[in-house]
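Coordinates in review
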Amino acid sequence: MYYKAYRFRIYPDEKQRTLINKTLGCTRFVYNYFLNIQKENSYKKANENIKYYTHHLKYEYPFLQGADSIAINKALFNLEDSYKRFFNKQSGYPKFKSKFGKNSYNTTAIYGTYKNNNYCNIEIDLDNKIIKLPKLKKIKIRGYRNTKSINGKIISATISREPNGKYYVSVLFEMNDEIQKVVPTSIVGIDLGVKKLVTLSDGTEYENNKYILKYEKRIKRMQRALSRKVKGSNNYFKCKRKLAILHSKLANSRKYYIHKITKNITDEYDIITCEKLHTKSMIIEGKQTTLSKNINDACFNEIIKQLKYKSKLKGKQFYQIYDYYPSSQTCSRCNNQDEKYKDLGERIYDCTKCYLKLDRDLNASINIMFEGLKMYIKNNKRNILKSNISMIK
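Computed from a prediction, not measured in an experiment: that's the story for all the values here.

Topic: the overall build of the chain
Secondary structure summary: the chain contains 10 helices and 16 strands in total. Considered along the principal axes of its C-alpha atoms, the chain spans approximately 80 × 65 × 45 Å. Within the chain, the proportion of its 393 residues that are buried is 42%. Intrachain contacts of the chain at a sequence separation of at least 6 include 66% that bridge at least 24 residues. Positive and negative charge centroids in the chain, built from 78 and 36 side chains respectively, lie 7 Å apart.

Following this line, the structure appears as structure tokens:
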């Protein structure tokens, strides 16, 4: 058993759009209201806040009664989680939510029976491309054209509104089918970089398309236009939405390309090995603004995240080698280490011992592959010994 989320774009009518916006506003209001109280007084658990809301707040502010009650409760539990992360030093102090950014609310699936018929308040019909949601009823959806059915139990749904004005729903499923582990027959090492986005140990390369260069001038022009508008005016919000559309196009271009790369890799190879990258420290260390910008544009963390979860879903093995392993400085043939290759300008690795000469990124990916193989052997020592004994017999 495992959990998987499916994200669809939804097309609400005017009445449904008004109700979604109202629910988003109510959840944001309740979140900010209790955050403000806890800032001035002291921290309280979500259950205490829910009690106060049900007995006092929703009668004090009647507009709250039209919103989904589960979504309101979830917002208060989200506030509690924000405080827990702050107490555990995982994040900063909780901040107030703004209506101008991405807004979302979460609702839970409720199952029941009526006249010997089972029902759920969240239902998906992929044939007719319709989803049924609490309070909203049936809404048109788009996405997963090749998926006819989903073999799982619906747990919850998150309805979101992007800054560009588009609406989405993310449905969380508890999947019934088991993931079958693949017996590995192939291995690959992956080197991530700015010049070439992905270099594989078999010599395959994926270019860095540098999508930021395509949209940078238009975004700057729109930002200048926004700065000249009167804040709070209709033209200001029109310009802000145009800017949000440009940012979403940039993000979608990156996302599509990364999904394409990670799908190819996880389909073709059984053991996938990658390096650990500390992107934040790399950006801070990058004295040149262009280097920091290119590292941000490359989205290394997103590539690693996608490789990780796609490998898991397909029953493949995914490993990350330990931090600060000198993959670019070490010769992949004789293990000779040369600190000269700390300089990113050195694009060809020329070994002074065994005279191996090849691209520095390819050399690094081969080293990463061998380190991944060592990790696989260490973790599966017993299984490998058993298979060898059976082969001898």
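Looking at the pairing of strand β11 (residues 196-200)
Burial analysis of β11 places five of its five residues in the buried class, the great majority of the element. Relative to β11, strand β10 (residues 187-192) runs antiparallel, the two sharing three bridges. Residue pairing in the sheet places I190 in a bridge with L200 of β11. Counting the residues between successive antiparallel strands, the hairpin from β10 to β11 contains three residues. Two elements, β11 and strand β12 (residues 205-207), share three bridges in a ladder whose sense is antiparallel.

Side note on the sheet that holds strand β13 (residues 271-275)
Strands pair in a sheet through their backbones, by hydrogen bonds, and they do so in one of two ways: parallel or antiparallel. Strand order across the open sheet formed by five strands is β12-β11-β10-β13-β14, with mixed pairing between neighbours. A single partner strand is all that each edge strand has here, and the edge strands are β12 and β14 (317-321). On average, adjacent strands in this sheet sit at an angle of 20° to one another, irrespective of strand direction. Inspection of the sheet shows β10 paired to β13 by four bridges, in the parallel sense. By the bridge assignment for β13, G189 is matched with T273. Across the sheet, helix α9 (residues 360-379) touches β10, β11, β13 and β14, and the angle it forms with β10 is around 130°.

Overview of the packing of aromatic side chains
Tallying each qualifying case throughout the model produces 20 aromatic pairs. Among the aromatic side chains, those forming a connected cluster through ring pairs are F29, Y33, F34, Y52, Y61 and F63. Seen from the ring of Y31, K97 lies directly overhead, with NZ or CZ sitting 4.5 Å from the centre. Lying over the aromatic face of Y111, K153 brings its terminal NZ or CZ to 5.2 Å of the ring centre.

Regarding the layout of surface pockets
Volume-wise, the largest pocket comes out at about 2200 Å³. As for the largest pocket, its lining consists of 47 residues, and the residues nearest its centre are R7, Y144, K255, H259 and Y309. Counting residues per element, the lining of the largest pocket draws most heavily on helix α5 (residues 234-268), at 11 residues. For the lining of the largest pocket, the class distribution of residues is 16 nonpolar, 12 polar and 19 charged.

Quick word on unusual backbone geometry
The backbone of K210 sits at a positive phi, close to 50°, despite the residue not being glycine. Tracing the sequence through the fold places K210 in the loop between β12 and α4 (211-228).

Some points on helix α3 (residues 69-87)
Look at α3: 28 Å from first C-alpha to last across 19 residues, which is about the 27 Å you get at 1.5 Å a residue. Turning to α3, its buried residues are A71, I72, A75, L76, L79, E80, S82 and Y83. As for α3, its buried residues are in contact with α1 (14-40), α2 (46-60) and β2 (103-108). Sitting at the amino-terminal end of α3 is D68, which places a side-chain oxygen 3.2 Å from the backbone nitrogen of I70. Following α3 by one or two positions, K89 adopts a phi angle in the positive range, close to 60°.

Description of a positive patch on the surface
Together, K214, K217, R218, R221, R224, R228, K229, K238, K242 and K249 line one region of the surface with positive charge. Looking at the positive patch, the element that brings in the most residues is α4, giving six residues. Here K238 lies in helix α5. Assessed through its relative accessible area of 53%, K238 is described here as exposed.

A few points about empty space enclosed by the protein
For the structure on display, the rule yields one cavity of 30 Å³ or more. Approximately 70 Å³ is the volume found for the largest cavity. Around the largest cavity sit L197, N208, N209, Y211, R254, Y257, I258, D297, A298 and C299, which together line it. Elements represented by at least two residues in the lining of the largest cavity include exactly α5 and α7 (289-298). In terms of residue count, α5 provides more of the lining of the largest cavity than any other element does, three residues in total. Class assignment for the residues of the lining of the largest cavity results in six nonpolar, two polar and two charged.

Analysis parameters
Residues numbered from 1 in each chain as written. Predicted model: local features only at pLDDT ≥ 70, side-chain atom pairs only at ≥ 80, totals over all residues. Heavy atoms only, no water. Helix = DSSP H or I, 4+ residues; strand = E, 2+ residues; numbered from the N terminus. Buried < 20%, exposed > 50% of the residue type's maximum accessible area, 1.4 Å probe, protein only. Contact = heavy atoms within 4.5 Å. Lys, Arg positive; Asp, Glu negative; His and termini not counted. Charge placed at Lys NZ, Arg CZ, Asp CG, Glu CD. Pairing = 2+ DSSP bridges. Axes fitted to C-alpha atoms, helices over the stretch in contact; angles between N-to-C directions. Phe/Tyr/Trp six-rings, centres within 6.5 Å; stacked < 30°, edge-to-face > 60°. Lys NZ or Arg CZ within 6 Å of the ring centre and 35° of its normal. 1 Å grid on protein atoms, 1.4 Å probe; cavity = no way out; pocket = protein on both sides within 12 Å on 5 of 7 lines; lining within 4 Å. Points joined across faces, edges and corners; volume = space filled by probe spheres on them. Nonpolar A, V, L, I, M, F, W, Y, C, P; charged D, E, K, R; others polar. Expected span 1.5 Å × (residues − 1). Polar contact = N/O pair within 3.5 Å; in protein donor to acceptor, adjacent residues only side chain to side chain. Patch = residues over 30% accessible without salt bridge, like charges linked within 9 Å, V, L, I, M, F, W, Y side chains within 5 Å. Areas by Shrake-Rupley, 256 points an atom, 1.4 Å probe, with all protein chains shown as cover. Salt bridge = Lys/Arg side-chain N within 4 Å of Asp/Glu carboxyl O.

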